[in-house]
Amino acid sequence: MTATPCRMKRESFGKLFERLLTSPSTKDFIKRGYLAPYDYVVIGQYSQDQLTVNSLKARGSDGDYSIKEMDEKLNVPQSIKRLYDSVAKYAEGKKGIVYAIDISHAQTIADYYVAMGLKAVALDSKTPSKTRQRMVEDFRKGELDCLVNVNLFDEGFDCPDVEYIQMARPTLSLAKYLQMVGRGLRINHKQKDKVCMILDNVGNYRKFGLPDNDRNWEAMYSGLRAGKGSLPTHAKKSNRVIVPNNDMVFVAQYDKLKQEQTRKQRYEYLQNVKPFEVSGRWGLRVGDDIILQPIYRKIHDFVGGFAIFEIAPNRMGILIRNGKVYYPADYLEIKILSDNRALLTQNVINTEEVKLDTKWGY
């Protein structure tokens, strides 16, 4: 499974897989509450850093920007200061991940942030594994404000505590871009109000658009289209005299009123969810819209916001209306009672009564 079935060099996945099965879109996952909404702020079209990115000529062996040239042109005091200024302005008090160009760039950023009062550390492939794990755990516990990394958290990193993402390195790779911003969109059930702040200090937005834009995955999967971004033509060639403006601009803003409206809409939408069966397996759907694919041995009708599901005989758990597991299937028997209570029987001598939180999961 992958969130990015694309390659920069327009290569097909056909030699590895027979066909592509697409999931709902990122926009749909945000709407349903599986991913966090976001605010997105980007450097201006004629900012000094955008003009610097536009000037990058060299390419690495992977077809992306040259690490050496990026470091030479962006690992400079003025750019580092602008990185910090954007965090201070748009993400004050939040915990975040910064994506740096290389080890030197990451350390320079972390040192500057520490000098300005943030609790920041730099991590890269040379950081010992135990040290990395300790730093991530300190970040989860709030003992660190910022993790500045080099190619460590692009994929396979799950930390819903991330409140902002800062891109301090440009890329031509759509996959890398989506992997970077995607680290900030993950949520857990304690973060119903999370809105991720995305700080784009290198203008990746101008190559790829917003993270939840619709994309032609079929064309990229088959190799008909490259998963690669390019700057607009006018950004490459211009005879205009340009005065740099280093202000950042919002290209997406998810305000609290809209968030509350969306939460209410999602709650009302999920009131219509029903169990359904296909070939002996059960899932959840609203009309033709599948909320949970048929994977369970049985899903019983909902009682309020909760339904009993079975994965095997005498292996029961509780689901909520969005398809997430409220109690795992560790019980011999479950009874959902009135007043949002349930009896959970783990074995013949151990039955407990629990209170079910009706607000969880919406």
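In this text the structure is predicted, and so the values were computed from the model without any measurement.

## Focus: the nonpolar core
The tendency in soluble globular proteins is for nonpolar side chains to be buried as a group.
Part 1 of the reasoning: Ranked by size, the top nonpolar core spans 65 residues in total, and within it Y38, Y40, I109, Y113, L147 and M167 carry the most contacts.
Part 2 of the reasoning: With 6 residues, the top contributor of residues to this core is helix α7 (residues 174-182).
Part 3 of the reasoning: Not counting the four nearest positions on each side in its chain, I109 is found in contact with I80, L83, V98, A100, V148 and A168.
Part 4 of the reasoning: By size, the runner-up hydrophobic cluster in this structure holds 14 residues, among which are M316, I318, I320 and L356.

## Description of the side chain of T52
Part 1 of the reasoning: Structurally, T52 can be placed in helix α2 (residues 48-54).
Part 2 of the reasoning: Judged by relative accessible area, which is 13%, T52 ranks as buried.
Part 3 of the reasoning: Residues in contact with T52, not counting those within four places in the same chain, are K73 and L74.

## Looking at the packing of aromatic side chains
Part 1 of the reasoning: For the structure shown, the criterion picks out 11 aromatic pairs.
Part 2 of the reasoning: A centroid spacing of 5.7 Å and a plane angle of 5 degrees characterise the contact between F13 and Y221, whose relative ring orientation is stacked. You can see F13 sitting in the segment before α1 (26-32) and its partner Y221 sitting in helix α9 (residues 217-222), a full 208 residues away along the chain.
Part 3 of the reasoning: You can call F13 buried: its relative accessible area is 11%.
Part 4 of the reasoning: The exposure class of Y221 is buried, given its relative accessible area of 8%.
Part 5 of the reasoning: The interplanar angle of 70 degrees and the centroid separation of 5.2 Å between the aromatic rings of Y326 and Y327 together place this pair among those described as edge-to-face. Both residues of the pair, Y326 and Y327, belong to the buried class.
Part 6 of the reasoning: One aromatic cluster is present, built from ring pairs that chain together F306, Y326, Y327 and Y331.
Part 7 of the reasoning: Geometry around F13 places R7 over its ring, the cationic atom sitting 4.4 Å from the centre.

## Overview of the confidence of the model for the protein chain
Part 1 of the reasoning: This prediction gives the protein chain a mean pLDDT of 88; 91% of its residues lie at or above 70.
Part 2 of the reasoning: The least confident element of the protein chain is helix α10 (residues 233-236), whose mean pLDDT is 51; the most confident is strand β5 (residues 164-167), at 98.

## A look at the sheet that holds strand β9 (residues 281-286)
Part 1 of the reasoning: Taken in spatial order, the 3 strands line up as β8-β9-β10 in an open sheet, and their pairing is antiparallel. Only two strands of the sheet have a single partner each, and these edge strands are β8 (274-278) and β10 (289-296). The average angle at which neighbouring strand axes cross in this sheet is 30 degrees, direction not considered.
Part 2 of the reasoning: Relative to β9, β8 is paired through 5 bridges, and the arrangement is antiparallel. Directly across from V278, in β9, lies its bridge partner R281.

## Regarding α7
Part 1 of the reasoning: Taken across its 9 residues, α7 has 9 buried, putting it largely inside the fold.
Part 2 of the reasoning: Regarding α7, the residues found buried are L174, A175, K176, Y177, L178, Q179, M180, V181 and G182.
Part 3 of the reasoning: Tucked inside the fold, the buried residues of α7 contact β1 (38-43), β2 (96-99), β5, β6 (196-200), α8 (205-208) and α9.

## A short note on the pairing of β2
Part 1 of the reasoning: Side chains G96 and V98 project from β2 onto one buried face, and the interleaved I97 and Y99 project onto a second face that is buried too.
Part 2 of the reasoning: Here β2 runs beside strand β4 (residues 146-149); their pairing, made up of 4 bridges, is parallel. What sits directly across from G96, in β4, is C146.
Part 3 of the reasoning: Two elements, β2 and β5, share 4 bridges in a ladder whose sense is parallel. Bridged to Y99 within β5 is M167.

Analysis parameters
Residues numbered from 1 in each chain as written. Predicted model: local features only at pLDDT ≥ 70, side-chain atom pairs only at ≥ 80, totals over all residues. Heavy atoms only, no water. Core = buried A, V, L, I, M, F, W, Y, C linked by side-chain atoms within 4.5 Å. Buried < 20%, exposed > 50% of the residue type's maximum accessible area, 1.4 Å probe, protein only. Helix = DSSP H or I, 4+ residues; strand = E, 2+ residues; numbered from the N terminus. Contact = heavy atoms within 4.5 Å. Phe/Tyr/Trp six-rings, centres within 6.5 Å; stacked < 30°, edge-to-face > 60°. Lys NZ or Arg CZ within 6 Å of the ring centre and 35° of its normal. pLDDT = per-residue confidence, 0-100. Pairing = 2+ DSSP bridges. Axes fitted to C-alpha atoms, helices over the stretch in contact; angles between N-to-C directions.

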